[in-house]
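# Summary of the model geometry
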Amino acid sequence: MMVKPLGNRLLIKPVVEEKKTAGGLVLPDSATEKPQKAVIVEVGTLDEDCTLKVGDKVIFAKYSGTEIKIEDEDHIIIDVDDVLAKVED
Amino acid sequence: MMVKPLGNRLLIKPVVEEKKTAGGLVLPDSATEKPQKAVIVEVGTLDEDCTLKVGDKVIFAKYSGTEIKIEDEDHIIIDVDDVLAKVED
Amino acid sequence: MMVKPLGNRLLIKPVVEEKKTAGGLVLPDSATEKPQKAVIVEVGTLDEDCTLKVGDKVIFAKYSGTEIKIEDEDHIIIDVDDVLAKVED
Amino acid sequence: MMVKPLGNRLLIKPVVEEKKTAGGLVLPDSATEKPQKAVIVEVGTLDEDCTLKVGDKVIFAKYSGTEIKIEDEDHIIIDVDDVLAKVED
Amino acid sequence: MMVKPLGNRLLIKPVVEEKKTAGGLVLPDSATEKPQKAVIVEVGTLDEDCTLKVGDKVIFAKYSGTEIKIEDEDHIIIDVDDVLAKVED
Amino acid sequence: MMVKPLGNRLLIKPVVEEKKTAGGLVLPDSATEKPQKAVIVEVGTLDEDCTLKVGDKVIFAKYSGTEIKIEDEDHIIIDVDDVLAKVED
Amino acid sequence: MMVKPLGNRLLIKPVVEEKKTAGGLVLPDSATEKPQKAVIVEVGTLDEDCTLKVGDKVIFAKYSGTEIKIEDEDHIIIDVDDVLAKVED
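Sequence order sets the numbering: in each chain, residues are counted from 1 along the sequence as written. Each chain is given a letter, starting from A, and each ligand a number, starting from 1, according to the order in which they appear as written. This being a predicted model, a pLDDT of at least 70 is required before a residue's local features are given, and a value of 80 or more before pairs of side-chain atoms are given or counted; all residues contribute to the totals for chains, interfaces and linings. Side-chain descriptors were evaluated using all non-hydrogen atoms of the structure, hydrogens and water having been removed beforehand.

- The name an unreviewed UniProt entry gives chain A is Co-chaperonin GroES, with Tepiditoga spiralis as the organism.
- Under the heading Subcellular location (unreviewed entry), UniProt records this for chain A: "Cytoplasm".
- UniProt positions are given in the numbering used here, feature names are shortened, and annotations may be inferred rather than shown by experiment. In UniProt, chain A has this text filed under Subunit (unreviewed entry): "Heptamer of 7 subunits arranged in a ring. Interacts with the chaperonin GroEL."

## Some details on the overall build of chain A
- Numbering goes from the N terminus for both helices and strands, where a helix is a DSSP run of H or I of at least four residues and a strand is a run of E of at least two. Tallying secondary structure elements over chain A gives 0 helices and 7 strands in all.
- Scored against the burial criterion, the 89 residues of chain A give a buried share of 39%.
- Note on areas: Shrake-Rupley, 1.4 Å probe, and residue coverage restricted to the protein chains presented here. Within the structure as shown, chain A displays about 5200 Å² of accessible surface, and the carbon and sulfur contribution to it stands at 49%. Here the term buried applies to any residue with accessible area under 20% of the maximum for its type, exposed to any over 50%, and partly exposed to those in between, with areas from a 1.4 Å probe on protein chains only.

## With respect to the sheet that holds strand β4 (residues 57-60) of chain C
- One bridge is not enough; two strands pair if DSSP finds at least two bridges between them. Ordered in space as β1(B)-β7(C)-β4(C)-β3(C)-β2(C)-β6(C)-β5(C), the 7 strands form an open sheet in which the pairing is antiparallel. Sheet topology places β1 (2-5) of chain B together with β5 (66-70) of chain C at the edges, where each strand pairs with a single neighbour. Direction aside, neighbouring strands of the sheet carry axes that sit 40° apart on average. Structural elements are reduced to axes, namely lines fitted to C-alpha atoms, with helices fitted over the stretch in contact, and the angle between N-to-C directions of any two is expressed from 0 to 180 degrees.

## Let's talk about unusual backbone geometry
- In this model, Tyr-63 of chain B sits at a positive phi of 65°, which is unusual for a non-glycine residue.
- Judged by relative accessible area, which is 67%, Tyr-63 of chain B ranks as exposed.
- Of note in the backbone geometry, Asp-72 of chain F takes a positive phi value of approximately 65° without being a glycine.
- If you trace the backbone, Asp-72 of chain F turns up in the loop between β5 (66-70) and β6 (73-79).

## Digging into the interface of chain F and chain G
- By definition, residues are in contact when any of their heavy atoms lie within 4.5 Å. Residue-level contacts link 11 residues of chain F with 12 residues of chain G.
- Buried surface area refers to the total accessible area, computed with a probe of radius 1.4 Å, that the two partners give up upon joining, counted for both partners together. Summed over both partners, the interface of chain F with chain G buries about 1000 Å², with 62% contributed by carbon and sulfur atoms.
- Contact with chain G buries area across many residues of chain F, yet Met-1, Leu-6 and Arg-9 of chain F alone supply 46% of it, more than any other trio.
- The term polar contact refers here to a pair of N or O atoms within 3.5 Å; inside protein, the definition further demands a hydrogen-donor-capable atom paired with an acceptor-capable atom, and it admits residues adjacent in sequence only when both atoms are side-chain atoms. If you look at where chain F meets chain G, you find 5 residue pairs in polar contact (both at pLDDT 80 or more).
- Residue assignment for the side of chain F that touches chain G shows that the elements contributing at least two residues are β1 (2-5) and β5 of chain F.
- In terms of residue count, β1 of chain F provides more of the side of chain F that touches chain G than any other element does, 4 residues in total.
- A per-class count over the side of chain F that touches chain G returns 7 nonpolar, 1 polar and 3 charged. The classification used treats Ala, Val, Leu, Ile, Met, Phe, Trp, Tyr, Cys and Pro as nonpolar, Asp, Glu, Lys and Arg as charged, and all other residues, Gly among them, as polar.

Listed below in structure tokens is the structure:
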């Protein structure tokens, strides 16, 4: 199934970062904060001056966008305006 | 009964996807999340740059639109702006 | 008493549809959902590109408009923008 | 005391309609719904395309406008936009 | 102390009207409704088409404006748009 | 530390007025209302038609602006639009 | 990891000021107010008339922006409009 965002939207896939306690324990999902980092999977028909593209890593505003499942994996469809920053590792 | 949406609206019919548990059990409706996938049944007088048409499969924002029953089947009248993405299987 | 809507408004009269249970029981009003189908009784000074006219059957957004009684019958004064679709039986 | 509405406003006086029960009992005010019918008493500096004038009977949106007492009688100062329809008996 | 309102604002002083019961009893403040009648004490830099001037009696929307004390007397600084009507006794 | 407001904002310092009871008792802060009088300490890049300047005494809308401490003294950064009036003693 | 804000946004790092009680006790974080002072770490594509640059100290509106952690240190991505003032020590 291919999902193509409409208009000024992006399809992003949250990047879950493992968190370990000081003692080395890996914390399960529910014990960590909601991830705010994601990778762009598909783009809609963005404005010309938008430099975001598939594969970019971004930080997005918490609780923005609409969560959907694609092949059982969590994705988010989000407005470009709710993308706050681009991440370069 | 034919329902023709007015203005920048669509008539869509939610696509209910069966969900099975790992053990093969089919879950009844009330146990699954609200569907967000639908097929377009009728279109209003859309803007020229809108590429959506009858038969397209779309993903729409949860809780958007107005639910109506047509011949006992659930439909939704929804603003084009609340359609988030187009789906290609 | 004649009620003439002002501006971009319509006077509509809800169409109450009888509902029968599988066993043929007619359900009283309070047991059914609020009707969303109505017939246009009067029109205000609508925009030129509006094709709605007296006698059209329409579907309107739940809880929109203002209810008034005319000769003891329920009517609604509603903005044209809250009319979602036109119905053809 | 004369009250002259400013700008796009009207001074209206609600028309209280007596309600009788089937048995002929006149219901006191508190037992009936808030009146929504009024007569225009004064007009502000309305737009040219507004056809409302002193003496017209109108229907107004519930809970709109500001109630004031003039010589112990209830009046309402209301925006023209909150007048929904004109009534002709 | 002189208070000069800025921009599209007025300084008004509420007019408290004594209320007597049928028996001639004067009701204290807390027993009466909030006054909505005031006299204009100072004007800001109003639009040219505004005809309000110092000394005019006006009716204003309840709970609008900001109350301030000037020499221990209650005054209100209010937007011209929250003045509903002019009063002529 | 010097604080320079950005854009259409002012840095103001509330003027606390001592309040004495009839018996001459000075009331402590918590017993009096929030002050609404302030003196302008710094100005941002105001519009040309704004006549406010450092040293002016002003009245501002309650609960507007953001409180900050500068050298342990309370100050407020406030939008020019939330300044209601200028005070001349 | 480098975080580059998009559009009219800044990446800032709150400046935590130690607070000592009169007796010289250093108060832990939870006992002090939320800091409102920060230093600019990265800038987005700001408007030409914006004079803010990396390294500037600023005061920002409480509860504005989105908190993110970069290498375990608290940062905030904030709209330029929520920056209230520039600080010069």
